[in-house]
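# Descriptive analysis of the structure
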Amino acid sequence: MGKEIKIKINGQEYLGQEGETILQVARKNSIKIPTLCEHSDLEPKASCRLCLVAIEGRRGFFTSCSTIIEEGMNISTDSEEISNLRKTNLELLFAQHVERCDSCVRGFNCHLFKLAKEIGIDLKRYEDRKLGYPRYRFGPSICFDASKCIDCRNCVEMCEKQGVGFLDLESHKSFIEVIPSKNPQRDCVYCGQCALHCPTGALTEIDSVADVEAELQNKDKYVVFQIAPSTRTTLGEEFGMPYGTNVLGKIFAGLRKIGAAKVFDVSVAADVTTIEEAGELIERITQKKTLPMFTSCCPAWVKYVEFYAPEFIPNLTTVRSPQMILGGLSKTYFAKKDKIDPAKIVVVSIMPCTAKKYEITLKKFDVDGLPPIDYVLTTRELARLFKKHKIDFVNLESEEGDTPWDEPTGAGVIYGASGGVTESAIRTAVYKLSGGKKLEQIEFKNLRGMERTKEVILDLGEVKLKVAIVNGLGNAKKLLEVVRADPTRYDYIEVMACYGGCIGGGGQPLPTTEEIRKLRAQGLYNIDDVKNTRVADESPIMEKLYKEFLTNEEIRHKICHTHYSQKQKEN
């Protein structure tokens, strides 16, 4: 704790901590100051100038997001002059933003639009100066409409923090424009953190809602939805529910109302990933194969390795991500059991992630000539789909998922939080190394948390496992330098591209902050706590699946494993 500092805001006395900004103290005390470019993940840029305040004894106005408090400050946040300045600044920002609210995927759920309504500005006071600006597509995942960009540069900073640097700034006379990099050594990895930190809807996921609706209307198609682990504790936010609320049962019910033939839980496939990945890790350690082994369930991380660090391709586990495994199982094992033509099955994944839209386009994942997944909808897209169909989500009665993918273990559910993949794999590794004995220790809480990088040595009896857990690609980039310098420092490394793991994914509800990510993750651990089965190998579904279908190496490789290759610039 820093030194306490006494200040006044609007005549009332408050205590702050040394180093805090005026905005931070105001927020802690529920004093509303409008902001647009400010985000807790980013450094204050003071570019939107909506958070202006006055300080007694000082001339002019100050941006509260970047002004550090000092003893005795007397601050005003709500004078008529400040209000007029904010209105003018917001009107000028709208001159940089072409309004297409009716057709924008953010619709009216846009921070810029909400502020305009709240402050009460004239949207058309100044002429739009970005009419005719281009739209860019980054692969199948992200759309950038430059005509909506207000030059806050949140996306540029976030892309740099991710260690990617795909978004550049280009000078045009009196202003600077954000553009995709022309550098052949820079490419998008589709993590979507640019979209997650964009306050205007200039950067969004590429919308697949209309395509999915068309499939639901096609009577020749059998539409299956599968739900990612993290979405169950994030979707509720879109409907005003508390952060971290488990709404999986409502998701199942809502999807059936709009015509889903089946609804499955991807967490079941996470149990398959766990079993296969733990087995591969044990094999690599005992046979002294390539170490450290990297996780591969995050497609943005995989693309990062394939493009930016291809020398580490052999370190990636060959195990497919849970969504790809479940899609493959649905078009093989499930299709055969329920006597459905696999060619008629349309699999729609509900994911927290924009990179998952890229992952499903890769032909290497095809199973018997068919793509395992046909469409990916982000959590935000699913919310739009439900709202479009007037689903009263909050008041839906919860329903169960469909067999055979209806009952995951707790280990499968916690995949959505940073450290969850490792904890799941460790539970299985201990189970296997002990010869199938009941685990005395289920929870490995030293693997949990929002720290960007965690290093843990796990004593598994015969094996001491050196583990690193990273969230945020910029932190992964730093860790790769450590591995280059000392390849023996770790045995196993979990990397998630997004802060907090999938609960902070590029397709999750807005806003997403550190405190919100913590609550979302805790929601997943709460589900794990009450599960009867918390180790993948103890799942009755896994026992049946491996006995009936995943019976030999050839089938397991076809459904559960893949390969990687160096990538060239795609965008």
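Moving on, we get to the sheet that holds strand 5 (residues 74–76). Here we have five strands laid out as an open sheet, ordered 2-1-5-3-4, and mixed in their pairing. In this open sheet, the two edge strands, each paired with only one partner strand, are strand 2 (12–17) and strand 4 (62–63). The strands touched by helix 2 (residues 80–94) within the sheet are strand 3 (52–55) and strand 5, with strand 3 carrying the most contacts at an inclination of about 150°.

Right, let's talk about the pairing of strand 18 (residues 492–496) for a bit. Most of strand 18 sits inside the fold, with five of its five residues counted as buried. Of the two faces of strand 18, both are covered, the one formed by Tyr-492, Glu-494 and Met-496 as well as the one formed by Ile-493 and Val-495. Here strand 13 (residues 293–294) runs beside strand 18; their pairing, made up of two bridges, is parallel. Bridging across to strand 18, Phe-294 finds its partner in Ile-493. Here strand 17 (residues 464–471) runs beside strand 18; their pairing, made up of five bridges, is parallel. Among the inter-strand pairings, Asn-471 is bridged to a residue of strand 18, identified as Met-496. Each parallel crossover has a hand, and for strand 17 linked through helix 15 (residues 473–485) to strand 18 it is right-handed.

The subject of this paragraph is the domain arrangement of the chain. Segmenting the chain into domains produces domain 1 (4–78), domain 2 (89–206) and domain 3 (210–560). Spacing between the C-alpha centres of domain 1 and domain 2 amounts to 26 Å. Each partner contributes to the interface: domain 1 provides 15 residues, whereas domain 2 provides 17 residues. Summed over both sides, the interface between domain 1 and domain 2 buries roughly 1,300 Å², with carbon and sulfur atoms accounting for 61% of that surface. Ranking the residues of domain 1 by area buried against domain 2 places Leu-36, Leu-42 and Leu-50 at the top, with a combined share of 42%. At the boundary of domain 1 with domain 2, the tally comes to two salt bridges. A salt bridge links Lys-45 to Glu-157, with the shortest nitrogen-to-oxygen separation between them at 3.1 Å. Linking domain 1 with domain 2 are eight residue pairs in polar contact (both at pLDDT 80 or more), by the criterion used here.

Within the element layout of this structure, Leu-216 appears in helix 6 (residues 209–217). Sequence spacing of Leu-216 and Lys-567 is 351 residues, and the spatial spacing of their C-alpha atoms is 35 Å. Those residues in contact with Leu-216 that sit more than four places away from it in its chain are Val-223, Phe-225, Ile-258, Gly-259 and Ala-260.

The full count for this structure, using the stated rule, is 15 aromatic pairs. A centroid spacing of 5.2 Å and a plane angle of 80° characterise the contact between Phe-264 and Phe-334, whose relative ring orientation is edge-to-face. With Phe-264 in strand 12 (residues 262–265) and Phe-334 in helix 10 (residues 322–337), this pair connects stretches of sequence that are 70 residues apart. Summarising the burial analysis for this pair, Phe-264 and Phe-334 share the class buried. Relative to Trp-405, the ring of Tyr-333 lies with its centre 5.7 Å away and its plane at 45°, an arrangement referred to as tilted. In this pair, Tyr-333 sits in helix 10 while Trp-405 sits in the loop between helix 12 (379–388) and helix 13 (410–413), placing the two residues 72 residues apart along the sequence.

This part is about the pattern of salt bridges. Under the criterion given, the structure shown has 46 salt bridges. Where Arg-256 meets Asp-402, a salt bridge forms, and the shortest distance between an N and an O atom there is 3.1 Å. In this pair, Arg-256 sits in helix 7 (residues 248–257) while Asp-402 sits in the loop between helix 12 and helix 13, placing the two residues 146 residues apart along the sequence.

Looking now at the environment of Gly-435. One can find Gly-435 in the loop between helix 14 (420–433) and strand 16 (453–459). On the accessibility criterion, Gly-435 (68% relative accessible area) is exposed.

To continue, consider the sheet that holds strand 10 (residues 203–205). On the basis of which strands lie adjacent, the open sheet formed by three strands has the order 6-7-10 and antiparallel pairing. In this open sheet, the two strands that pair with only one neighbour each are strand 6 (135–138) and strand 10. Across the sheet, the axes of successive neighbouring strands diverge by a mean angle of 20°, strand direction being ignored. Across four bridges, the pairing between strand 6 and strand 7 (residues 142–145) is antiparallel. Its bridge partner being in strand 7, Phe-138 is matched across the sheet by Ile-142.

Cut-offs and rules
- Residues numbered from 1 in each chain as written.
- Predicted model: local features only at pLDDT ≥ 70, side-chain atom pairs only at ≥ 80, totals over all residues.
- Heavy atoms only, no water.
- Pairing = 2+ DSSP bridges.
- Helix = DSSP H or I, 4+ residues; strand = E, 2+ residues; numbered from the N terminus.
- Contact = heavy atoms within 4.5 Å.
- Axes fitted to C-alpha atoms, helices over the stretch in contact; angles between N-to-C directions.
- Buried < 20%, exposed > 50% of the residue type's maximum accessible area, 1.4 Å probe, protein only.
- Right-handed = clockwise from strand over helix to strand, strands pointing away.
- Domains from an automatic or database assignment.
- Buried area = accessible area lost by both parts, 1.4 Å probe.
- Salt bridge = Lys/Arg side-chain N within 4 Å of Asp/Glu carboxyl O.
- Polar contact = N/O pair within 3.5 Å; in protein donor to acceptor, adjacent residues only side chain to side chain.
- Phe/Tyr/Trp six-rings, centres within 6.5 Å; stacked < 30°, edge-to-face > 60°.

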